[in-house]
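# Results of the structural survey
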Amino acid sequence: MTKALQAAGGKPWRPGKMSTVLVAVLMTMPPLVVIFSGRIGDQAMWIKTAVDGIRGGTDDDVSFMKHPTTSHDKLLGGLLVDGFDQESCHSRYQSAAYRRNAGRRPSEHLVSKLRRHEDLQRRCGPGTAAYSAAVEQLKSGKSPAAAEASPEACRYLVSISYRGLGNRILAAASAFLYAMLTDRVLLVDPSNEMGELFCEPFAGTTWLLPPEFPLVGYQGFYLHTAERYGKMREDRVLRPDGGEAAAAAPPPAFAYIHLDYNQTDYDKLFFCDEDQRLLSSIQWLVMRTDSYIVPGLFLVDAFQDELAALFPERDAVFHHLGRYLFHPTNHVWGLVTRYYRGHLAWARRRVGIQVRVSSWEWESPEILRTITSCTQDEGLLPRVLDDTDQEPPATAAASARRGLRPSAVVITSLKSWYYEKMKGMYWERATESGEVVVFDQPSHEEQQMYGVRAHERKAWAEMYLLSTTDVLVTTGTSTFGYVAQGLGGLTPWVLPRREVNGTAPPCRRDMSMEPCFHVAPLYDCKRWEDAGKIVPHVRHCHDMPAGLKLVDRTEW
Ligand code: GDP
């Protein structure tokens, strides 16, 4: 807290100090409260209330926000349940207060499905008799044969966590949807900080795979793994049409689903109806993907009716799953809220720009030009005047001084070069409208790191901060950007991932806020047709033409 704020909170109001205190308060206050009635007494009252909002409340106090959360909002239209311990996870019920965009409403069917799934997770999760029985069955090497399976027996999906944080989030969200569709309990591999970055999503149980899980070395499962589903299908150890041997033998205790970038055509059979029937008899599945496989689930006939009921708005699947599952833990939430209150809360307009660059384009004038033209041509930011000596017309400057609060831009990037250039441009030159634009960047970590807790926390906080903005510019193909746009309910303007022949193509508004499934299968396991042209609501992505994404309108 600044000294000026401490003074304002601790002593009676003195008109002579007004300007100092006011500037300090304006720097930290949301827009709506910055309204003056013209009477000093009222101003003093307002400032006291505002300052109390910052300093007096507990961490859970969001009364300083423009729209304090109502109980309805805080549960995101029924997506979340009430009754979690708030101290252990501040973000869960506070997040709604940090977004002007309230987001989409979940369908009633999704809400009731989530409640039933939570029951399943509690009934079968770690520590229950059902979990112990399933672990014993796993050790036996066979799934229970259909005739022997008790109606109480539970089935499980273990999701392996690897690669960057955006990849891990999309993989866990995809695994969760698959688990819901197939009535499996989702357990997430806790390595790579998954237990440290996210609060538990299900009340009264854990989604983290316990350390004593008997499949030793499951995190190393890969193409060579004998129990890989695609391999068992290729070797005809598993056959959907049964066959004598298959009919005689009980299903294996587990199968490893390999959906990494190098998946084979046999691995892709996962997205076929008859393979889903076969998989349903296997009690434990272990899945590796770094992708958002959800558009692939929309290709499976057996899932289509249920998916349509769960998500009548097809472009909001990750939006709902993400807001349901991923709540920053308290430390990360501290990073989010401190930055937000200091750098975004007061702004007239908040703009997020994600610049995901690789080592060969750390400082690319071409990409900088694309960012500038994208934000100015698309009306996301005011235009700057050409000449540093030029000033805006007096009328524009005066009206800017009178009422237009500054816009705030949060840039995220591993490097600070793009931020420095943008900030410099908007400081050294006036805007045509006289409007002021303030740039900031929470961190510049210089390079991607693995297994470094502080680095992961910043990455998660920055994705989240991007999601709190009013308009968003992302970098094509980046899962980091996909997470931000989905959580925020924002259809982004997409920058090209890299220069092509020394030039960067212009940005483009995306078709939907859904992430792209980069390594997508073909449609229909017998005809092998182009899924992006046949299935309603599934189209090829702009940023990765071979990939697939969900759209709400079918004419794309
Ligand atoms: P993708 O590689 O763009 O698809 O996104 P991922 O999130 O999967 O992996 C990139 C990783 O690099 C992140 O998880 C961070 O560890 C790091 N990273 C990339 N860009 C940024 C950034 O703007 N801010 C921070 N803090 N980390 C970043």
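Summary of the structure given here. (Residues numbered from 1 in each chain as written. Predicted model: local features only at pLDDT ≥ 70, side-chain atom pairs only at ≥ 80, totals over all residues. Heavy atoms only, no water.)

## Details of the overall build of the protein
On a plain count of helices and strands, the protein comes out with 22 helices and 12 strands. Within the protein, the fraction of its 556 residues that count as buried is 55%. In the protein, 76% of the contacts between residues at least 6 apart in sequence involve partners at least 24 apart. Surface summary for the protein: the accessible area is close to 23,600 Å², and the carbon and sulfur share equals 53%. (Helix = DSSP H or I, 4+ residues; strand = E, 2+ residues; numbered from the N terminus. Buried < 20%, exposed > 50% of the residue type's maximum accessible area, 1.4 Å probe, protein only. Contact = heavy atoms within 4.5 Å. Areas by Shrake-Rupley, 256 points an atom, 1.4 Å probe, with all protein chains shown as cover.)

## Focus: the state of the cysteines
According to the stated counting rule, one finds 4 disulfides in the structure shown. What pairs with Cys124 in a disulfide is Cys154, and their sulfur atoms sit 2.0 Å apart. The disulfide joining Cys124 to Cys154 has a torsion of about -60° about its S-S bond and is therefore left-handed. Here the residue Cys124 occupies a position in helix α6 (residues 108-124), and Cys154 occupies one in the loop between α7 (129-140) and β1 (156-160), the gap between them amounting to 30 residues. With respect to class, Cys124 is no different from Cys154; both count as buried. (Disulfide = S-S within 2.5 Å.)

## Some points on the site of the ligand
Around the ligand sit 18 residues, and of these Asn167, Arg356, His455, Ser478 and Thr479 come closest. Measuring from an oxygen atom of the ligand, one finds a side-chain N or O atom of Gln448 at 3.4 Å. Between an oxygen atom of the ligand and a side-chain N or O atom of Ser478, the distance comes to 2.6 Å. Burial of the ligand by the protein chains amounts to 95% of its free accessible area of 560 Å². If one sorts the elements of the shell around the ligand by residue count, helix α20 (residues 453-467) sits on top with 5 residues. When the residues that make up the shell around the ligand are grouped by side-chain class, the tally is 5 nonpolar, 10 polar and 3 charged. A domain split of the shell around the ligand shows at least three residues from each of domain 1 (19-61 + 329-510) and domain 3 (108-325). (Near = heavy atom within 4 Å. Polar contact = N/O pair within 3.5 Å; in protein donor to acceptor, adjacent residues only side chain to side chain. Nonpolar A, V, L, I, M, F, W, Y, C, P; charged D, E, K, R; others polar. Domains from an automatic or database assignment.)

## Digging into the nonpolar core
Counting 96 residues, the largest nonpolar core has Leu177, Phe270, Phe326 and Trp460 as its most contacted members. Residue contributions to this core peak at 12 residues, all from helix α8 (residues 165-181). Once residues lying within four places of it in the same chain are set aside, the contact partners of Phe326 are Ile169, Ala172, Ala173, Phe198, Trp207, Phe318 and Trp460. Of all hydrophobic cores here, the second largest spans 27 residues; its members include Val351, Leu381, Tyr419 and Met425. (Core = buried A, V, L, I, M, F, W, Y, C linked by side-chain atoms within 4.5 Å.)

## Here's the deal with the packing of α20 against helix α21 (residues 479-488)
For the pair α20 and α21, interaxial distance at closest approach is 7 Å and the crossing angle is 45°. In terms of orientation, α20 lies oblique with respect to α21. Crossing angle aside, the handedness with which α20 passes α21 is right-handed. In this structure, α20 uses Ala459, Trp460, Glu462, Met463, Tyr464, Leu466 and Ser467 to contact α21, whose residues at the interface are Phe480, Val483, Ala484, Leu487 and Gly488. For the contact of α20 with α21, a count of residues per class yields 9 nonpolar, 2 polar and 1 charged. (Axes fitted to C-alpha atoms, helices over the stretch in contact; angles between N-to-C directions. Parallel < 35°, antiparallel > 145°, perpendicular 65-115°, else oblique. Left-handed = near helix turned anticlockwise from the far one by under 90°.)

## Focus on the packing of α8 against α20
Viewed as axis vectors pointing N to C, α8 and α20 meet at an angle of 65°, and their least axial separation amounts to 10 Å. Here α8 lies roughly perpendicular to α20, going by the angle between them. Judged by residue contacts, Leu165, Gly166, Arg168 and Ile169 of α8 engage Glu456, Ala459, Trp460 and Met463 from α20. Across the contact of α8 with α20, the residue classes break down as 5 nonpolar, 1 polar and 2 charged.

## Brief notes about the sheet that holds strand β2 (residues 185-188)
Neighbouring strands of a sheet are bound in pairs by backbone hydrogen bonds; such pairs are parallel or else antiparallel. Judged by pairing direction, the sheet is parallel, and its 4 strands sit side by side in the order β2-β1-β4-β3 without closing on themselves. Every other strand in the sheet has two partners, leaving β2 and β3 (254-259) as the edge strands with one partner each. Looking at each pair of strands side by side, their axes are set apart by 20° on average, direction ignored. Both β3 and strand β4 (residues 284-289) contribute to a ladder of 6 bridges, which runs parallel. (Pairing = 2+ DSSP bridges.)

## Some remarks on the environment of Thr370
Along the chain, the position of Thr370 falls in helix α17 (residues 365-377). We classify Thr370 as buried; its relative accessible area is 5%. Expressed as a C-alpha distance, the spacing of Thr370 and Pro496, which sit 126 residues apart in the sequence, is 8.5 Å. For Thr370, the contacting residues outside a window of four places in its chain are Leu495, Pro496, Ala504, Pro505, Pro506 and Cys507. Of the polar contacts made by the side chain of Thr370, one reaches the backbone oxygen of Glu366; its length is 2.9 Å.

Just geometry here; none of it tells us what the structure is for.
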